Structure formats: structure tokens, C-alpha cells
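# Structure at a glance
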Amino acid sequence: MKRLLSILMLALAMTLSGCWIYSFSGTSIQSDVNSITLPTFEYKALRVNPSLANNLSEKLRDNFRRMTKLEQVEMDGDLQIDGEITGYDVKASAVTADEVAAQNRLTVTVNINFTNRKYPEDSFENKSFSAYADYDSTNSLDAVENTLCEEIIEKLVEDIFNATVAQW
């Protein structure tokens, strides 16, 4: 009886582990998904930030390298994430009694297409992600832009990662 129970437990464990790979990073990637293609994002926002698309793309690649075992390939990966930056906007986020901006908000919007070639039902198109950071209006955007963009990129990478392979 003990031997039969051991065999059943082993069979159950093999069945469950064969379907999904689960890691402590929170990813749920099927075991037969081995590669990902992450081309550099296109920049289509009206206001120009020449390094934003490259910085976002590199940070996303780094995140996938750290958090998954997927091989990054130039083309035809089992997974593919294509993106374009569609918005890069500054607006007042807090106004004083004198109707002067006390704080401004930099908002970056990204449009993502996610393709899962092995499990197409997990794919999505034209999903919009947006993140922002506020800064004191006494500072110029030029003075704080790099710091704000780093903060915004961190948020966007987390949201894109979760939507694609963590399925949150």
C-alpha cells in the first residue's frame, strides 16, 4: 500500500510539473516556451525624448534575463513583445491658490502587442500601459527628466512583465 501511494504521489508531481514552470519571481511560463523576441520599441510620441525607447527596451530585456530562463532571440521567439511609445506628456498635477502649477506630472504611455506563438490564446494586441512621475514645478523638466524617466520605466517594465508572463 505504501509503495502504491508513493507511485501515485510521484505521478501526480510529474503531471503537475510538466504543464507549467512556476518560479518565485511570479512567472507562469509553460515548460515548452523557451525563447522571447524583444525588439527595440518605436518612438511615436509628439514630444521627443531620444533615449526613452532604447532605455525602456533595454530595461525590459534585462528584466526578462533576470526573472526568466527564456533565451532572447532576434526573431521568431516563442514569445514576442512589440511596443511603441505613444505618449510623452507633461501636465500640471497640483495647482496653487494663485492658479500656478505647484507640481507637474510627466506621463509616458506605451502600446504593447504580445504574441505567444505556442499558446495564442494568451496573446493580446494594442494594450496600453501608462506610468507617471510628479516633480516640483520650480524644477525644469530638463533638470529632472532622467530621474523621472528611470522611475517611469521601472513601473512600465513591471506592468508589461506582469501582463505578459505573470498573467496578473
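See the structure printed just above.
Attention in this report is confined to the structure presented alongside it. (Residues numbered from 1 in each chain as written. Predicted model: local features only at pLDDT ≥ 70, side-chain atom pairs only at ≥ 80, totals over all residues. Heavy atoms only, no water.)

Once that is clear, we can look at helix α2 (residues 52-67). Since the α-helix turns once every 3.6 residues, residues separated by three or four places project in the same direction. End to end, α2 covers 22 Å across 16 residues, agreeing with the expected 22 Å (1.5 Å per residue, within 8%). Where α2 is concerned, the buried positions are L52, A53, L56, S57, L60, R61, N63 and F64. End-on, the buried residues of α2 take up no more than an arc of 165°, which puts them together on one face. Lining the buried residues of α2 we find β3 (35-37), β4 (42-43), β5 (71-72), β6 (79-95), β7 (101-116) and α3 (141-166). (Helix = DSSP H or I, 4+ residues; strand = E, 2+ residues; numbered from the N terminus. Expected span 1.5 Å × (residues − 1). Buried < 20%, exposed > 50% of the residue type's maximum accessible area, 1.4 Å probe, protein only. Arc of directions from axis to C-beta. Contact = heavy atoms within 4.5 Å.)

Bringing the packing of aromatic side chains into the picture now. Tallying each qualifying case throughout the model produces 2 aromatic pairs. Between F114 and F124, the aromatic rings sit 5.5 Å apart at their centres with planes inclined by 40°, giving tilted as the arrangement. With F114 in strand β7 and F124 in strand β8 (residues 124-136), this residue pair connects regions lying 10 residues apart in the sequence. Here the two residues F114 and F124 agree in accessibility, since each one is buried. Lying over the aromatic face of Y132, R105 brings its terminal NZ or CZ to 3.8 Å of the ring centre. Above the ring of Y132, the side-chain terminus of K155 is found at 5.4 Å from the ring centroid. (Phe/Tyr/Trp six-rings, centres within 6.5 Å; stacked < 30°, edge-to-face > 60°. Lys NZ or Arg CZ within 6 Å of the ring centre and 35° of its normal.)

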